[in-house]
Amino acid sequence: MKIVNSAAELADGCTFVPTMGALHAGHASLFKLAKGKSEFVVASIFVNPLQFENSKDLELYPHTPDRDIEIARDSGVTHLWLPQISEIYPDKTVNKVAGPIGEIFEGANRIGHFDGVVTVVSRLFDLLQPTQAIFGEKDFQQLVLIKNLAKESYKHIEIIAAPTIRESGGLALSSRNIRLSASDRKTATVIYSALLAAKDCKTINAARTAMLQICSQQPGFILDYAEIIDEDNFKIATDSTSKQRAIIAGWLNGVRLIDNMQMNPSAGNTGAQ
Ligand code: PAF
């Protein structure tokens, strides 16, 4: 694996996995997926200041550089790109706006977060010119926004969604999990239980009620939202929405946790029937 500091050292046409480091088995699964698609797999590590709405969260973001290099190397990355801030944001960078989907759910809790995400992803795409780019379904709202960005401005880049990787108890892997104690990790599985309960409900109301009930019974977990949305546009789903997804966010000991799960289309009165 070659480590480079500038995209100028990389040829166009790779499969790309952008990250902010603090790599874990979830990232490794994205790299392995990329490896199956291309001989030229570029991963970037850039902690993007624009997507942190407060400086404390940016400061607390975990840094594990040695482990990151090991994980990238062992999972099929051929080129690890560690850009400097001056490469990503030269003086005249114009910030992008994520639009209405960027202002709800995670965007309402983290003002400006998704503007920062679409801005950095555009910069990374402009500099690298990949053929394909892989993003995890764990950050589903981010995935939808990036698919929309590609539809608008990067039609030549195929956006590939990769499934969420979970711990054995169901907790979705995230770089932020480093900040959870062993007992927090157990508590956090409430999110997975709530999503599973929602998945097979026959109506949106039943699914929402199941999630609220399960989350409210878990001491220590502070629920922010539990909803069923339309996967294509992030609007609140109705019983006739064909592609429904349950989404949950909440706080555990000061750590924000998010997760989501596709609803079982054969369970309810979806448009498929
Ligand atoms: O999901 C992430 O790690 C980040 O939001 C991304 C896509 C690398 C942009 O900084």
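Note that the coordinates shown come from a computational prediction; the quantities given were computed from them, not determined experimentally. (Residues numbered from 1 in each chain as written. Predicted model: local features only at pLDDT ≥ 70, side-chain atom pairs only at ≥ 80, totals over all residues. Heavy atoms only, no water.)

**A short note on the nonpolar core**
At step 1: Of all hydrophobic cores here, the largest spans 40 residues; its most connected members are Phe16, Trp81, Phe125 and Ile159.
At step 2: For this core, the secondary-structure elements that each account for two or more residues are helix H6 (113-128), strand E5 (132-136), helix H7 (140-153), strand E7 (221-230) and strand E8 (244-252).
At step 3: Per-element accounting of this core gives the leading share, eight residues, to H6.
At step 4: With 25 residues, the next largest nonpolar core counts Ile191, Leu195, Ala246 and Met261 among its residues. (Core = buried A, V, L, I, M, F, W, Y, C linked by side-chain atoms within 4.5 Å. Buried < 20%, exposed > 50% of the residue type's maximum accessible area, 1.4 Å probe, protein only. Helix = DSSP H or I, 4+ residues; strand = E, 2+ residues; numbered from the N terminus.)

**Focus on the side chain of Ser75**
At step 1: With respect to the element layout, Ser75 can be found in the loop between helix H3 (65-74) and strand E4 (79-81).
At step 2: Among the residues examined, Ser75 registers a relative accessible area of 4% and is labelled buried.
At step 3: Non-local contacts of Ser75, meaning those with residues more than four positions away in its chain, are made with Ala28, Phe31, Lys32 and Lys35. (Contact = heavy atoms within 4.5 Å.)

**Some words on the environment of Ile178**
At step 1: Locating Ile178 in the fold gives a position in the loop between strand E6 (158-162) and helix H8 (182-199).
At step 2: Taking the C-alpha atoms as reference, Ile178 lies 27 Å from Ile88; in sequence the two are 90 residues apart.
At step 3: Those residues within four positions of Ile178 in sequence are excluded, and the remaining contacts are Pro62, Thr64 and Arg185.

**Let's talk about the site of the ligand**
At step 1: Around the ligand, the surrounding shell consists of Pro18, Thr19, Met20, Gln51, Val120, Phe135 and Gln142.
At step 2: The side chain of Gln51 places a nitrogen or oxygen atom 2.6 Å from an oxygen atom of the ligand.
At step 3: Notes on the ligand: free accessible area 290 Å², of which the protein chains cover 89%.
At step 4: When its residues are assigned to classes, the shell around the ligand shows four nonpolar, three polar and no charged. (Near = heavy atom within 4 Å. Polar contact = N/O pair within 3.5 Å; in protein donor to acceptor, adjacent residues only side chain to side chain. Areas by Shrake-Rupley, 256 points an atom, 1.4 Å probe, with all protein chains shown as cover. Nonpolar A, V, L, I, M, F, W, Y, C, P; charged D, E, K, R; others polar.)

**Thoughts on helix H1 (residues 25-35)**
Residue pairs three or four apart in sequence face the same way in an α-helix, which turns once every 3.6 residues.
At step 1: When we look at burial in H1, the residues that qualify are Gly26, His27, Ala28, Leu30, Phe31 and Ala34.
At step 2: On its buried face, H1 is in contact with strand E2 (15-19), strand E3 (41-45), H3, E5 and E6.

**Some points on the packing of aromatic side chains**
At step 1: Counted according to the given criterion, the structure contains nine aromatic pairs.
At step 2: A centroid spacing of 6.2 Å and a plane angle of 45° characterise the contact between Phe16 and Trp81, whose relative ring orientation is tilted. Linking Phe16 in strand E2 with Trp81 in strand E4, this pair joins segments that are 65 residues apart in sequence.
At step 3: Since its relative accessible area comes to 0%, Phe16 is described here as buried.
At step 4: Between Phe105 and Tyr225 the ring centres are 4.9 Å apart and the planes differ by 65°, which places this aromatic pair in the edge-to-face class. Pair noted here: Phe105 is in the loop between helix H4 (85-88) and helix H5 (106-109) and Tyr225 is in strand E7, with a separation of 120 residues, a long-range link.
At step 5: In this structure Phe105 comes out as buried when scored by relative accessible area, which is 15%.
At step 6: Counting every residue linked through ring pairs, the aromatic cluster contains Phe16, Trp81, Phe125, Phe135 and Tyr154.
At step 7: It is Arg245 that lies over the ring of Phe140; its NZ or CZ is 4.0 Å from the centre. (Phe/Tyr/Trp six-rings, centres within 6.5 Å; stacked < 30°, edge-to-face > 60°. Lys NZ or Arg CZ within 6 Å of the ring centre and 35° of its normal.)

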